[in-house]
Amino acid sequence: MPQLLHLDSSADLDSSVSRAVTGQFSDVWHALGPDHSVIYRDLHRDAPPHLPTSALHWAPHLRTANEVAPPAAEALQKELIDELVSADVVLIGAPMYNWSIPSTLKAWIDYIHVPGITVPFDAPTRPLEGKPVVVVSSRGNQYGPGTPDFGADHTVAQLQQVLGSALGMDVHVVTVDLTLASRVPALAPLAPRAEASLSDARASVTGLATRLGGAPASDELG
Ligand SMILES: Cc1cc2nc3c(=O)[nH]c(=O)nc-3n(C[C@H](O)[C@H](O)[C@H](O)COP(=O)(O)O)c2cc1C
């Protein structure tokens, strides 16, 4: 039973671009069949608290005698990690906030990136190795090669570092550029590019959901 874990983190509950694009991925996933289930977690509406203690960064057996974690926070950490490990595919809506990720998404990462549990420390623990994760990152400006702000995107870079390099996940990135073209006068001339970026992103998530959900490619059909 292929299970998708769908996370959103935009603070915009009315016209979020990342929510619209992850929602499309989820719809395509559902349409693949009744066995394609989705666990949904809204990190904005139901925000994980900041780590109450650095003890939670370590697996229990790696904590020092002075490092004690509150049981409720430890239970939340276990819930978040179990949910992530049990998913077949993970989908993350990650808008750019101040060149980085929303603090709610950062808090979630602080719970699930744990030496001795999700990353190797004293043993080769890497339960997320190879698991596909699709990151949908919407941003008001544009950050591709050749643009003035190339290199200033610390949203995608951070997620690639944590999810890919550290956790060993198979990261697929879908970006939507220039979402503020209709709001920021200086970006208005780039409106056609904004529309093309959104349409490319929509096509990408449809293809990814179909492929990662296990639907046969059209040339494999009888
Ligand atoms: C708190 C905040 C910070 C933002 N910082 C940036 C930024 O650094 N660079 C940028 O290009 N856009 C920035 N934006 C614009 C958002 O990236 C853009 O509106 C994007 O579409 C948000 O995703 P959403 O539509 O899913 O909410 C910011 C927006 C907010 C609310």
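Residues numbered from 1 in each chain as written. Predicted model: local features only at pLDDT ≥ 70, side-chain atom pairs only at ≥ 80, totals over all residues. Heavy atoms only, no water.

### Considerations on the UniProt feature "domain: Flavodoxin-like fold" (unreviewed entry) in the chain
When the UniProt feature table is mapped to this numbering, "domain: Flavodoxin-like fold" (unreviewed entry) covers residues 4–176. Taken end to end, residues 4–176 is 31% helix and 17% strand, and its two terminal C-alpha atoms sit 22 Å from one another. (UniProt positions renumbered as here; feature names shortened; annotations may be inferred. Helix = DSSP H or I, 4+ residues; strand = E, 2+ residues; numbered from the N terminus.)

### Quick look at helix α1 (residues 17–31)
Here α1 contains 15 residues, and its C-alpha end-to-end distance of 21 Å stays within 8% of the 21 Å for a straight helix at 1.5 Å per residue. Each element contacted by the buried residues of α1 is listed here: β1 (3–8), β2 (37–42), β3 (89–93), β4 (132–138), β5 (170–176) and α5 (191–212). Count one or two residues on from α1 and you reach Gly-33, which has phi positive near 155°. (Expected span 1.5 Å × (residues − 1). Contact = heavy atoms within 4.5 Å.)

### Comments concerning the packing of α1 against α5
In contact at an axis separation of 8 Å, α1 and α5 are set at 30° when each is read in the N-to-C sense. Classed by the angle they form, the pair α1 and α5 counts as roughly parallel. Relative to α5, α1 is oriented so that their crossing is right-handed. The segment α1 lies against α5, with Val-17, Ala-20, Val-21, Gln-24, Phe-25, Val-28 and Trp-29 engaging Leu-198, Ala-201, Arg-202, Val-205, Thr-206, Leu-208, Ala-209, Thr-210 and Leu-212. In terms of residue class, the contact of α1 with α5 is built from twelve nonpolar, three polar and one charged. (Axes fitted to C-alpha atoms, helices over the stretch in contact; angles between N-to-C directions. Parallel < 35°, antiparallel > 145°, perpendicular 65-115°, else oblique. Left-handed = near helix turned anticlockwise from the far one by under 90°. Nonpolar A, V, L, I, M, F, W, Y, C, P; charged D, E, K, R; others polar.)

### Here we look at the nonpolar core
Grouped together as the largest cluster of nonpolar side chains are 30 residues, with contacts concentrated most on Ile-92 and Trp-108. Elements with a contribution of two residues or more to this core: β1, α2 (71–86), β3, α3 (103–112), β4 and α4 (154–166). The contacts of Trp-108, once residues within four sequence positions are left out, are Leu-7, Leu-43, Pro-48, Leu-80, Leu-84 and Ile-92. Counting 16 residues, the second-largest nonpolar core is a separate cluster that includes Val-89, Val-176, Val-205 and Leu-208. (Core = buried A, V, L, I, M, F, W, Y, C linked by side-chain atoms within 4.5 Å. Buried < 20%, exposed > 50% of the residue type's maximum accessible area, 1.4 Å probe, protein only.)

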